[in-house]
2 protein chains.
Amino acid sequence: MTEHVSLALSAAERSCRSKGLALTPVRKRVLQLLLESQAPVKAYDLLAALKPGGGAQPPTVYRALDFLTRAGLVHRIEALNAYTACLHADGHGSAELYICEDCGQVEERHRKISGEAGPGGFLISRSVIEHYGRCSDCASAQASA
Amino acid sequence: MTEHVSLALSAAERSCRSKGLALTPVRKRVLQLLLESQAPVKAYDLLAALKPGGGAQPPTVYRALDFLTRAGLVHRIEALNAYTACLHADGHGSAELYICEDCGQVEERHRKISGEAGPGGFLISRSVIEHYGRCSDCASAQASA
DNA sequence: CTCCGGGATGTTATATTGTTGCGCCAAGGG
DNA sequence: CCCTTGGCGCAACAATATAACATCCCGGAG
Ligand SMILES: [Zn+2]
Ligand SMILES: [Zn+2]
Ligand SMILES: [Zn+2]
Ligand SMILES: [Zn+2]
């Protein structure tokens, strides 16, 4: 396990403990898999990665993902049906994601939490913001090709 | 068929003709169903609504939706797996959507087309922006309750 | 200690959403 | 006429997600 993964995992444990949430083995394992991946991961790929150590079924991974997203440790990428570990291990609510369609890497910016107003008095409680394109690495690689 | 629906349909026809696209009967019917709905519609609900006039299969509706979204006449709502007719019958690329979680109504704002730059030189080609909350009607209804 | 209750997980089955592949046909250009 | 092209019918299937119920564990009340 690389350095940054174990760091993120212990940060997640602290964060959960402080909120009275239980970061159980399954949940921790799912989070670890997401942290180790350089790109978003699909639920059934997580499921397959869990299989070796006991035959996991879909509900197992979906429940873990549900917990982790509620805890703010993981973000769901709506347009890809995929999941990515939050880059700010402290959990922060809503995020603005930049997803490279070339290498799959995800960058993330914080978003102010809900409560904003939209047009015509619309009251926002949650936003989904996903930008697709090329990260700077892939853009320059393509330019030089 | 209400006034605004038939108006939007003819606008769509003109728009397609001008771009050399074929707004065939199936596609037109799907667009009409979306226009008539006050809330986003799911693919299989469209499918069911098409059945009466000939047994439609999934590919039929998905192909029509694909065409309509490409033509900019329909927007897919990623977080709901649902579709809504574009409120600007001219087709305009990407949109910013405000979806009321109470009544289902969708408001829409134009977005400048892609090409924007994100953080660290990220080059955006497409954005998904969906805000969930309460429209002003539902917010005031709830306040008075 | 014992019993109970809630949370987490296992297990089975099913629901929902979306795609592939093939063949037919009608329109249009040579 | 022949050939290509795009649109659609059709059958099967793949991928994503949830429902419903059983079991286990653990900590607190009695
Ligand atoms: Zn985050
Ligand atoms: Zn990249
Ligand atoms: Zn629009
Ligand atoms: Zn509303």
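Quick caveat, the model's predicted, so the values are computed rather than measured.

### Things to note about the environment of Ala85(B)
Residue and element names in this part refer to chain B.
Reasoning step 1: With respect to the secondary-structure elements, Ala 85 resides in strand β3 (residues 82-85).
Reasoning step 2: Residue classification places Ala 85 among the buried residues on the basis of a relative accessible area of 7%.
Reasoning step 3: The spacing of Ala 85 and Leu 73 is 12 residues in sequence and 6.1 Å in space, taken between C-alpha atoms.
Reasoning step 4: Each residue touching Ala 85, except ones within four places of it in the same chain, is listed here: Leu 31, Leu 34, Leu 35, Leu 73, Val 74 and Glu 108.

### Things to note about the domain arrangement of chain A
Residue and element names in this part refer to chain A.
Reasoning step 1: Under the domain assignment, chain A is made up of domain 1 (3-85) and domain 2 (95-144).
Reasoning step 2: Its C-alpha centre places domain 1 at a distance of 21 Å from the equivalent point of domain 2.
Reasoning step 3: Facing 11 residues of domain 1, the contacting portion of domain 2 comprises 12 residues.
Reasoning step 4: Buried surface at the junction of domain 1 and domain 2, summed over both partners, amounts to about 720 Å²; 62% is from carbon and sulfur atoms.
Reasoning step 5: Taken as a group, His 75, Ile 77 and Glu 78 account for 47% of the area that domain 1 buries against domain 2, more than any other trio of residues on that side.
Reasoning step 6: On the surface where domain 1 and domain 2 come into contact, there are zero salt bridges.
Reasoning step 7: Looking at the side of domain 1 that touches domain 2, the elements with two or more residues in it are β2 (74-77) and β3 (82-85).
Reasoning step 8: Broken down by element, the side of domain 1 that touches domain 2 gets its largest block of residues, three residues, from β2.
Reasoning step 9: The residue inventory of the side of domain 1 that touches domain 2, partitioned by class, reads six nonpolar, three polar and two charged.

### Structural notes on the protein's contact with DNA strand D
Reasoning step 1: Taken together, 15 residues lie around DNA strand D, and Lys42(A), Tyr44(A), Arg76(A), Thr24(B) and Arg63(B) are the ones closest in.
Reasoning step 2: Protein-proximal atoms of DNA strand D, defined as those within 4 Å of the protein, fall in sugar or phosphate at a share of 48%.
Reasoning step 3: The set of elements that each furnish at least two residues to the surface near DNA strand D consists of α4 (58-70) of chain A together with α2 (25-36) and α4 (58-70) of chain B.

### Details of helix α3 (residues 43-50) of chain A
Turn by turn, an α-helix covers 3.6 residues, leaving residues three or four places apart pointing in a common direction.
Reasoning step 1: Buried residues of α3(A): Ala43(A), Leu46(A), Leu47(A) and Leu50(A), and no others. Down the axis of α3(A), the buried set is contained in an arc of 105 degrees. They therefore lie on one face.

### As for the packing of aromatic side chains
Reasoning step 1: Tallied over the entire structure, the rule returns four aromatic pairs over all chains.
Reasoning step 2: Geometrically, the ring pair formed by Tyr44(A) and Tyr62(A) is edge-to-face, given 6.3 Å between the ring centres and 65 degrees between the ring planes. Of the two residues, Tyr44(A) sits in helix α3 while Tyr62(A) sits in helix α4, which places them 18 residues apart along the sequence.
Reasoning step 3: Residue Tyr44(A) is classed as exposed on the basis of its relative accessible area of 51%.
Reasoning step 4: Sitting above the plane of the Phe67(A) ring, Arg27(A) keeps its charged end 3.9 Å from the centroid.
Reasoning step 5: Sitting over the ring of Tyr132(A), Arg126(B) keeps its end group 4.7 Å from the ring centre.

What counts, and where the lines are drawn
Residues numbered from 1 in each chain as written. Chains lettered and ligands numbered in written order. Predicted model: local features only at pLDDT ≥ 70, side-chain atom pairs only at ≥ 80, totals over all residues. Heavy atoms only, no water. Helix = DSSP H or I, 4+ residues; strand = E, 2+ residues; numbered from the N terminus. Buried < 20%, exposed > 50% of the residue type's maximum accessible area, 1.4 Å probe, protein only. Contact = heavy atoms within 4.5 Å. Domains from an automatic or database assignment. Buried area = accessible area lost by both parts, 1.4 Å probe. Salt bridge = Lys/Arg side-chain N within 4 Å of Asp/Glu carboxyl O. Nonpolar A, V, L, I, M, F, W, Y, C, P; charged D, E, K, R; others polar. Near = heavy atom within 4 Å. Arc of directions from axis to C-beta. Phe/Tyr/Trp six-rings, centres within 6.5 Å; stacked < 30°, edge-to-face > 60°. Lys NZ or Arg CZ within 6 Å of the ring centre and 35° of its normal.

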